[in-house]
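So you can see what is in the structure, the chains are spelled out below.
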Amino acid sequence: MLEIIAIIAVVLAVAIAAVLITAATKPNSFRVQRAISIKAPADRIFPLINDFRQWRSWSPYEDRDPALKRTYGGADSGKGAVYAWDGNKNVGSGRMEILETSAPAKIVIKLDFFKPFEGHNTAEFTMLPQGDATRLTWTMTGPAVFLTKLMQVFMNLDRMIGKDFETGLANLKNLTEK
């Protein structure tokens, strides 16, 4: 009986070590990016992203908590605009601040998550004219701390977050192509 317990303990220790070693080999940063072509000019898309109050009409995260508490501050839109949220386990809590805008081509946002996990990332939206359409790209980058690397052993963050980005971009497409 003692031999079986020892074997189980060794197998368990090896499995834990393998997970930790695999996590340690993950990159020190992450990048999630999705893009869509929208048959609308960039100046029709830009205000929906540049004003956090407009995000309720297209962001895939806004409907995940009907009781979500939102706070807006700083500038009404553009550089210095701030949006903070506090919600259920599906949205957690965090804060966004627009750091840079270049109308109607680019918006850079500082994105801080506080719950359920702390994270400090950058989101960027770029709009490039392509004939009668605009190529809208949504990118998020940030450091991958060890907890993030550990999570990546068991889940694909690009696929998980990317799916949300695809939904948000599709919502923007539907809003602006009307």
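Everything numeric in this text was worked out from a predicted model, so none of it was measured.

Draft legend 1. Representation of the environment of W55. Within the secondary structure, W55 is located in the loop between α2 (42-50) and β2 (69-74). Linking W55 and K149, residues 94 residues apart in sequence, is a C-alpha distance of 30 Å. Setting aside anything within four residues of it in sequence, one finds W55 in contact with L48, I49, E62, M96, I109 and F125.

Draft legend 2. Molecular detail of the sheet that holds strand β4 (residues 93-102). Read across the open sheet, the seven strands follow the order β1-β7-β6-β5-β4-β3-β2; overall the sheet is antiparallel. Unpaired on one side and paired on the other, β1 (29-38) and β2 mark the two borders of the sheet. Strand after strand, the sheet turns through a mean of 15° between neighbouring axes, direction not considered. Two strands pair when backbone bridges link them, and β4 and strand β5 (residues 106-115) are joined in this way by nine bridges, in the antiparallel orientation. Looking across to β5, one finds that E100 is bridged to V108.

Draft legend 3. Seen up close, the confidence of the model for the chain. Overall, the prediction assigns the chain a mean pLDDT of 92, with 100% of residues at 70 or greater. Within the chain, the lowest mean pLDDT, 78, falls on helix α3 (residues 146-154), and the highest, 98, falls on strand β3 (residues 81-86).

Draft legend 4. Representation of the side chain of T134 in the model. With respect to the secondary-structure elements, T134 resides in strand β7 (residues 133-143). Residue T134 is classed as buried on the basis of its relative accessible area of 2%. A polar side-chain atom of T134 sits 2.6 Å from the main-chain carbonyl oxygen of A40. From its side chain, T134 meets the backbone nitrogen of A42 in a polar contact 3.2 Å long. Not counting residues within four places of it along the chain, the set of residues in contact with T134 comprises I36, S37, I38, A40, P41, A42, I45, M127, L128 and P129.

Draft legend 5. Representation of the packing of α2 against helix α4 (residues 157-176). Taken N-terminus to C-terminus, the directions of α2 and α4 make an angle of 130°; their axes are 10 Å apart at the nearest point. Relative to α4, α2 is oriented oblique. By crossing handedness, the relation of α2 to α4 is classed as right-handed. Contacts between α2 and α4 involve R44, I45, L48 and I49 from the former and L172, L175 and T176 from the latter. Broken down by class, the residue content of the contact of α2 with α4 amounts to five nonpolar, one polar and one charged.

Draft legend 6. Spotlight on the pairing of β5. A loop of three residues connects β4 with β5, the two strands running antiparallel in sequence. Taken together, the eight bridges between β5 and strand β6 (residues 119-130) define a ladder with antiparallel strand orientation. Each bridged residue has a counterpart across the sheet, and for K106 the counterpart in β6 is T126. Taken together, β5 and the strand that follows it, β6, pair antiparallel across an intervening segment of three residues.

Draft legend 7. Layout of the side chain of D65. Residue placement: D65 occurs in the loop between α2 and β2. For the buried D65, no salt bridge exists, and the shortest N-O distance to an oppositely charged side chain is 7.3 Å, to K69. Ignoring sequence-local partners within four residues, the contact set of D65 consists of G87, N88 and V91.

Draft legend 8. Structural view of the nonpolar core. Grouped together as the largest cluster of nonpolar side chains are 34 residues, with contacts concentrated most on I49, I109, F125, M127 and L136. Those elements that place two or more of their residues in this core are β1, α2, β3, β4, β5, β6, β7 and α4. What I109 contacts, discounting residues up to four positions off in sequence, is F52, W55, M96, E97, I98, L99, N121, T122, A123 and F125.

Draft legend 9. Summary view of the packing of helix α1 (residues 2-24) against α3. Between α1 and α3, whose axes approach to 8 Å, the crossing angle comes to 115°. Comparing their axes, α3 and α1 come out roughly perpendicular. As α1 packs across α3, the resulting crossing turns out to be right-handed. Note on element contacts: α3 touches α1 through F146, K149, L150, V153 and F154, opposite V19, L20, T22, A23 and A24. Partitioned by chemical class, the residues of the contact of α1 with α3 number eight nonpolar, one polar and one charged.

Conventions we followed
- Residues numbered from 1 in each chain as written.
- Predicted model: local features only at pLDDT ≥ 70, side-chain atom pairs only at ≥ 80, totals over all residues.
- Heavy atoms only, no water.
- Helix = DSSP H or I, 4+ residues; strand = E, 2+ residues; numbered from the N terminus.
- Contact = heavy atoms within 4.5 Å.
- Pairing = 2+ DSSP bridges.
- Axes fitted to C-alpha atoms, helices over the stretch in contact; angles between N-to-C directions.
- pLDDT = per-residue confidence, 0-100.
- Buried < 20%, exposed > 50% of the residue type's maximum accessible area, 1.4 Å probe, protein only.
- Polar contact = N/O pair within 3.5 Å; in protein donor to acceptor, adjacent residues only side chain to side chain.
- Parallel < 35°, antiparallel > 145°, perpendicular 65-115°, else oblique.
- Left-handed = near helix turned anticlockwise from the far one by under 90°.
- Nonpolar A, V, L, I, M, F, W, Y, C, P; charged D, E, K, R; others polar.
- Lys, Arg positive; Asp, Glu negative; His and termini not counted.
- Salt bridge = Lys/Arg side-chain N within 4 Å of Asp/Glu carboxyl O.
- Core = buried A, V, L, I, M, F, W, Y, C linked by side-chain atoms within 4.5 Å.

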